[in-house]
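Topology and contacts: notes
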Amino acid sequence: MKPRDYNQDPFIVIWELTRACQLKCLHCRADAQYHRHPLELTYEEGKRLIDDIHGMNNPMLVFTGGDPLMRPDVFDIADYAVKKCVRVSMTPSATPNVTKEAMNKAKQVGLSRWAFSLDGHNAEIHDHFRGTSGSFDLTMNAIKYLHELEMPLQINTVISRYNVDYLEDMVDLMKQLDCVLWSVFFLVPIGRGQEKDMISPAEHEKVFRWLYQTSKHVPFDIKTTAGQHYRRVVIQNKIREDKGKENSVIHYQDALMNGKTGSIDGLGRAPKGVNDGNGFIFISHTGDVYPSGLLPVKVGNVRENALSNIYRESQVLKDLRNPDKYKGKCGVCEFRHVCGGSRSRAYAVTGDYLESEPYCVYIPKAMRQKTRH
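Remember, it's a predicted structure, so these values are computed and weren't measured experimentally.

Definitions and cut-offs
- Residues numbered from 1 in each chain as written.
- Predicted model: local features only at pLDDT ≥ 70, side-chain atom pairs only at ≥ 80, totals over all residues.
- Heavy atoms only, no water.
- Salt bridge = Lys/Arg side-chain N within 4 Å of Asp/Glu carboxyl O.
- Buried < 20%, exposed > 50% of the residue type's maximum accessible area, 1.4 Å probe, protein only.
- 1 Å grid on protein atoms, 1.4 Å probe; cavity = no way out; pocket = protein on both sides within 12 Å on 5 of 7 lines; lining within 4 Å.
- Points joined across faces, edges and corners; volume = space filled by probe spheres on them.
- Helix = DSSP H or I, 4+ residues; strand = E, 2+ residues; numbered from the N terminus.
- Nonpolar A, V, L, I, M, F, W, Y, C, P; charged D, E, K, R; others polar.
- Patch = residues over 30% accessible without salt bridge, like charges linked within 9 Å, V, L, I, M, F, W, Y side chains within 5 Å.
- Areas by Shrake-Rupley, 256 points an atom, 1.4 Å probe, with all protein chains shown as cover.
- Axes fitted to C-alpha atoms, helices over the stretch in contact; angles between N-to-C directions.
- Parallel < 35°, antiparallel > 145°, perpendicular 65-115°, else oblique.
- Left-handed = near helix turned anticlockwise from the far one by under 90°.
- Contact = heavy atoms within 4.5 Å.
- Polar contact = N/O pair within 3.5 Å; in protein donor to acceptor, adjacent residues only side chain to side chain.

With that out of the way, let us pick up the pattern of salt bridges. Inspection of every chain in the model, using the stated rule, returns 20 salt bridges. With a shortest N-O distance of 3.8 Å, Lys-318 and Glu-313 are connected by a salt bridge. Judged by relative accessible area, Lys-318 falls into the partly exposed class, the value being 36%. With a relative accessible area of 54%, Glu-313 lands in the exposed category.

Attention now goes to empty space enclosed by the protein. Scanning all chains against the criterion turns up 1 cavity of 30 Å³ or more. The space that makes up the largest cavity amounts to roughly 120 Å³. Lining the largest cavity we find 14 residues, and of these Cys-330, Cys-333, Cys-339, Gly-341 and Cys-360 sit closest to its centre. Mapped onto the lining of the largest cavity, the elements with two or more residues apiece are helix H8 (229-241) and helix H12 (328-332). Split by residue class, the lining of the largest cavity holds 7 nonpolar, 3 polar and 4 charged.

This part is about a nonpolar patch on the surface. Together, Val-332, Ile-363 and Met-367 make up a nonpolar patch on the protein surface, roughly 220 Å² of accessible area in all. Here Val-332 lies in helix H12.

Right, let's talk about the packing of helix H7 (residues 201-215) against H8 for a bit. Where H7 contacts H8, the two axes come as close as 9 Å, and the packing angle between them is 55°. Considering their axes alone, H7 and H8 lie oblique with respect to each other. The handedness of the crossing between H7 and H8 is right-handed. Of the residues in H8, those touching H7 at His-204, Glu-205, Phe-208, Arg-209, Leu-211, Tyr-212, Gln-213 and Ser-215 are His-229, Tyr-230, Arg-232, Val-233, Val-234, Asn-237, Lys-238 and Glu-241. Its residues assigned to classes, the contact of H7 with H8 comprises 6 nonpolar, 5 polar and 5 charged.

Side chains of residues three or four places apart in an α-helix project in the same direction, reflecting 3.6 residues per turn. When helix H4 (residues 123-130) is considered as a whole, its buried residues turn out to be Ile-125, His-126, Asp-127, Phe-129 and Arg-130. Contact partners of the buried residues in H4: strand S4 (113-117), helix H5 (135-148) and strand S5 (153-159). For H4, the N-terminal cap is Asn-122; the gap from its side-chain oxygen to the backbone nitrogen of Glu-124 is 3.3 Å. Gly-131 sits one or two residues past H4 and shows a positive phi near 70°.

The structure is reproduced here in structure tokens:
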């Protein structure tokens, strides 16, 4: 692969294969339904979409939903993608669809990773959040199958007021389950998700600091979604740890401004942080394209225009990729090129995707200096 320019090619593409799902999760972005939509992208349309995705410097492709396993052709679609050498992973819901046979089929097809959601360290918390009794036990059984098949496990957790006091317990569970990646989501009030379910701005900051310290001693990787300001916290901590080392602040600030953070931010995946529409793009079950599944501003449809054209030419996406267009404190923040705040949360809370991240407590240096003068 060539070096990736987020103005041209995304780092990750999310395709919502279907909105059908048997669960009723409190935070469901998709407001998932029990039945499949009749206008879902067909298998043939999916193949054309995959061809286009592959041509965008072959980004990572994630099948999501709803529940991808509600589509009987899910493994045919995955097989086509894998044979094109696309790196594919899947995030199915923990329902009776997740059988050992389904997992074995996924392994045979060549899915690179399987991700399950765990939003509590026990059934009481997890099942409440997922809106379905028995979901925790189903998930644990499915993870057991996954280990028997020797497939790498990713755990996704949505941080909310229901589980924020039990994060140490979650880490203990991650260790027991031998996961390779803990993907921590910070709630955005969209779909069924409500502001009342969210943790406060101060709690976001506290969790970010805790995640950074935790990342130093756990045997799995940690990444955040809709928590872009975690990158700012990581870099602030690294600058503090390098105190006394000549030019360390200059080194990190230069990396910030140029987006060259892959080697210093402890995240080690994307060459720089992805954000809604900036290294990240989402295709709905009916082909509508959005900056992310959490930012419901339609920028096109793959039935009418190639994804590559939409991603590169949409003015909305161009604006989202330009941190100098951000408003309020995000627009003057020295961390805007590496963080940028959650554009989806800004939209959900203020109605403007270019507004400041409303759940960030940091006061940019430019604003502190202005106050002094």
